[in-house]
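# Summary of the model geometry
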Amino acid sequence: MFDAFGVLNIGETPIEGACLRIDALRAAGKRVFVLTNAASYCFEQVVAKFHRLGFDFRDEELVSSRSVCEKLLPLSESGFVWGVAAPSSFQPKELSVPAKPLLDDLRQYDDVDGFLILSSESWTLERQALLIESLSKNNRPVIVANPDIVAPREQDMSVEPGFYAHDLMDQLPNLPVTFHGKPFGSVYDEIEERLGASIPPHRIAMMGDSLHTDIWGARVRGWGSVLVTDHGFLRGQDSMSAIRKSGIYPDFMTPSI
């Protein structure tokens, strides 16, 4: 299982040798999957991105937190509408449930029945304030399709939906929040379902750059874990110091895929 950002690619740039490594693993008889917390784009866009980066993953080998989130959206009564924090390119028809994008009018927040946080790409502190104001008046469910706090890019880190979700939880302690994505269980359920019962959890390895999502989630699940140190969260840092500080120890470490 490969994380994407910091393992296979950094932003829109593939990591050198990654495509060849995937080919070599397949040739050795291994099954490969991408397990990513990227939730800004629909599944078709995820497939297109990896092809654009030069990878030949099959559709069934790609598991995004958004696709799992959409699969597990609770069935709601007729007329239930989700308010969605999404990229500026988002179209409600991307989802199988009634949805409206959240912009800059408080009425948009007050008029929906629940909130779905897919992306922070076009989210702002002003929109966060509108969401908090609306939820403080009327407590409704919030579902988060990307629990990451930040994510590595070519030159810096981006603020991700998990940051805003935890801010909501800090300010509204009784808020019902559900997370999908590493290190939360639903994405691991999906992978194990696709693999079938013939492969025990300890024979699955998660390769990632984040101690608190990739490595922690794998260890809790009983999977093996491989920490990549040179391209993502730990780029330019003392990896062992970070491991000791967090108390999260991978089974293996490698500079790159």
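A brief structural summary. (Residues numbered from 1 in each chain as written. Predicted model: local features only at pLDDT ≥ 70, side-chain atom pairs only at ≥ 80, totals over all residues. Heavy atoms only, no water.)

## A word on the overall build of the chain
Scanning the chain for helices and strands turns up 9 helices and 14 strands. Relative to the globule expectation of 18 Å for 257 residues, the C-alpha radius of gyration of the chain, 18 Å, shows essentially globular dimensions. When the backbone C-alpha atoms are referred to their principal axes, the chain occupies close to 55 × 35 × 30 Å. A buried classification covers 49% of the 257 residues belonging to the chain. In the chain, once contacts between residues fewer than 6 apart in sequence are set aside, the share between residues at least 24 apart is 71%. Averaged over its 24 positive side-chain charges, the chain has a centre that lies 4 Å from the centre of its 35 negative ones. (Helix = DSSP H or I, 4+ residues; strand = E, 2+ residues; numbered from the N terminus. Rg over C-alpha atoms; globule rule 2.2 N^0.38 Å. Buried < 20%, exposed > 50% of the residue type's maximum accessible area, 1.4 Å probe, protein only. Contact = heavy atoms within 4.5 Å. Lys, Arg positive; Asp, Glu negative; His and termini not counted. Charge placed at Lys NZ, Arg CZ, Asp CG, Glu CD.)

## Things to note about a nonpolar patch on the surface
A cluster of nonpolar side chains, namely Ile149, Val159 and Phe163, defines an oily patch on the protein surface of about 240 Å² accessible area. Summarising the element assignment, Phe163 is placed in helix α6 (residues 161-171). (Patch = residues over 30% accessible without salt bridge, like charges linked within 9 Å, V, L, I, M, F, W, Y side chains within 5 Å. Areas by Shrake-Rupley, 256 points an atom, 1.4 Å probe, with all protein chains shown as cover. Salt bridge = Lys/Arg side-chain N within 4 Å of Asp/Glu carboxyl O.)

## Examining the sheet that holds strand β12 (residues 205-208)
Sheet architecture is open: 3 strands sit in the order β12-β13-β14, paired in parallel fashion. Looking along the sheet, the strands with just one partner apiece sit at the ends: β12 and β14 (252-254). Here the strands of the sheet are splayed against their neighbours by 20 degrees on average, with no regard to which way each runs. Pairing of strand β13 (residues 224-228) with β14, which is carried by 3 bridges, proceeds in the parallel orientation. Residue pairing in the sheet places Val226 in a bridge with Phe252 of β14. Across the sheet, helix α8 (residues 211-221) is in contact with β12 and β13; its angle to β13 comes to roughly 165 degrees. (Pairing = 2+ DSSP bridges. Axes fitted to C-alpha atoms, helices over the stretch in contact; angles between N-to-C directions.)

## What about α6?
Pro161, Gly162, Tyr164, Ala165 and Leu168 are the residues of α6 that are buried. Buried residues in α6, looked at end-on, bunch into an arc of 165 degrees, giving them a common side. Of the surrounding secondary structure, the elements contacted by the buried residues of α6 are β7 (114-117), α5 (125-137), β8 (142-144), β10 (157-159) and β11 (177-179). (Arc of directions from axis to C-beta.)

## Focus on helix α7 (residues 185-195)
Inspection of α7 places Ser186, Val187, Tyr188, Glu190, Ile191 and Leu195 among the buried residues, and these make up the whole buried set. Considering only its buried residues, α7 is in contact with β3 (34-36), β4 (62-64), α3 (65-71) and α8. Of the residues one or two after α7, Gly196 is the one with positive phi, at around 85 degrees.

## Comments concerning the environment of Leu118
Mapped onto the fold, Leu118 is located in the loop between β7 and α5. You can call Leu118 buried: its relative accessible area is 1%. A C-alpha to C-alpha distance of 27 Å links Leu118 and Ala18, two positions 100 residues apart in sequence. The contact partners of Leu118, leaving out residues within four places of it in the chain, are Ala39, Ser40, Arg66, Val84, Ala85, Ala86, Phe90, Ala145, Asn146 and Pro161.

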